[in-house]
Amino acid sequence: MTTKEDAWVLRLKDEFNDSEDVQYYTGNEDEELTTDINEANIIYNKDDAENWMKKMGRGYSF
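Every value quoted in this text rests on a predicted model; they were computed, and no experiment measured them.

1. Considerations on the overall build of the chain
Then, number 1: Counting secondary structure elements, the chain contains 1 helix and 4 strands.
Then, number 2: Listing the helices and strands of the chain from first to last along the sequence gives β-β-β-α-β.
Then, number 3: Classification of the 62 residues of the chain by burial places 24% in the buried group.
Then, number 4: Of all intrachain contacts in the chain linking residues separated by at least 6 positions in sequence, the fraction that spans at least 24 positions is 47%.
Then, number 5: Summed over its atoms, the accessible surface of the chain is roughly 5,100 Å², and 40% of this surface lies on carbon and sulfur atoms.

Rendered as structure tokens:
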């Protein structure tokens, strides 16, 4: 039986986004951002992701 897990994607905050389109973090170093939510990196551990964002000074939100 499959169990449900909470999951998130990281969206670039509007104040850091110079595009009119919503952008998401991909987790790929070559192409860090995408406008396609299906290409976004899925986050399963929100606490770890928040700590990483604080450490890196990234402008992302869930």
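Read on, since the account is not over.
2. A closer look at the pattern of salt bridges
Then, number 1: One pass over the structure, following the stated rule, counts 1 salt bridge.
Then, number 2: Salt-bridge contacts for Arg11 lead to Asp14; the nearest nitrogen and oxygen are separated by 3.4 Å.
Then, number 3: Look at Asp14 and you get exposed, because its relative accessible area is 57%.

3. Focus on helix H1 (residues 46-56)
Then, number 1: Capping the start of H1 is the job of one residue whose side-chain oxygen sits 3.2 Å from the backbone nitrogen of Asp47: Asn45.
Then, number 2: Immediately beyond the C-terminal end of H1, within one or two residues, lies Gly57, with a positive phi of roughly 70°.

4. With respect to a negative patch on the surface
Then, number 1: There is a patch of like negative charges on the surface, built from Glu29, Asp30, Glu31 and Glu39.
Then, number 2: Of note, Glu31 is situated in the loop between strand E2 (24-25) and strand E3 (33-34).
Then, number 3: The exposure class of Glu31 is exposed, given its relative accessible area of 55%.

5. Observations regarding the side chain of Thr34
Then, number 1: Mapped onto the secondary structure, Thr34 falls in strand E3.
Then, number 2: For Thr34, the side chain forms a polar contact with the main-chain nitrogen of Asp36, separated by 3.1 Å.
Then, number 3: In this structure, Thr34 is in contact with Val22, Gln23, Tyr24, Thr26, Glu39 and Ala40, ignoring residues within four places of it in sequence.

Rules used throughout
- Residues numbered from 1 in each chain as written.
- Predicted model: local features only at pLDDT ≥ 70, side-chain atom pairs only at ≥ 80, totals over all residues.
- Heavy atoms only, no water.
- Helix = DSSP H or I, 4+ residues; strand = E, 2+ residues; numbered from the N terminus.
- Buried < 20%, exposed > 50% of the residue type's maximum accessible area, 1.4 Å probe, protein only.
- Contact = heavy atoms within 4.5 Å.
- Areas by Shrake-Rupley, 256 points an atom, 1.4 Å probe, with all protein chains shown as cover.
- Salt bridge = Lys/Arg side-chain N within 4 Å of Asp/Glu carboxyl O.
- Polar contact = N/O pair within 3.5 Å; in protein donor to acceptor, adjacent residues only side chain to side chain.
- Patch = residues over 30% accessible without salt bridge, like charges linked within 9 Å, V, L, I, M, F, W, Y side chains within 5 Å.
- Lys, Arg positive; Asp, Glu negative; His and termini not counted.
- Charge placed at Lys NZ, Arg CZ, Asp CG, Glu CD.

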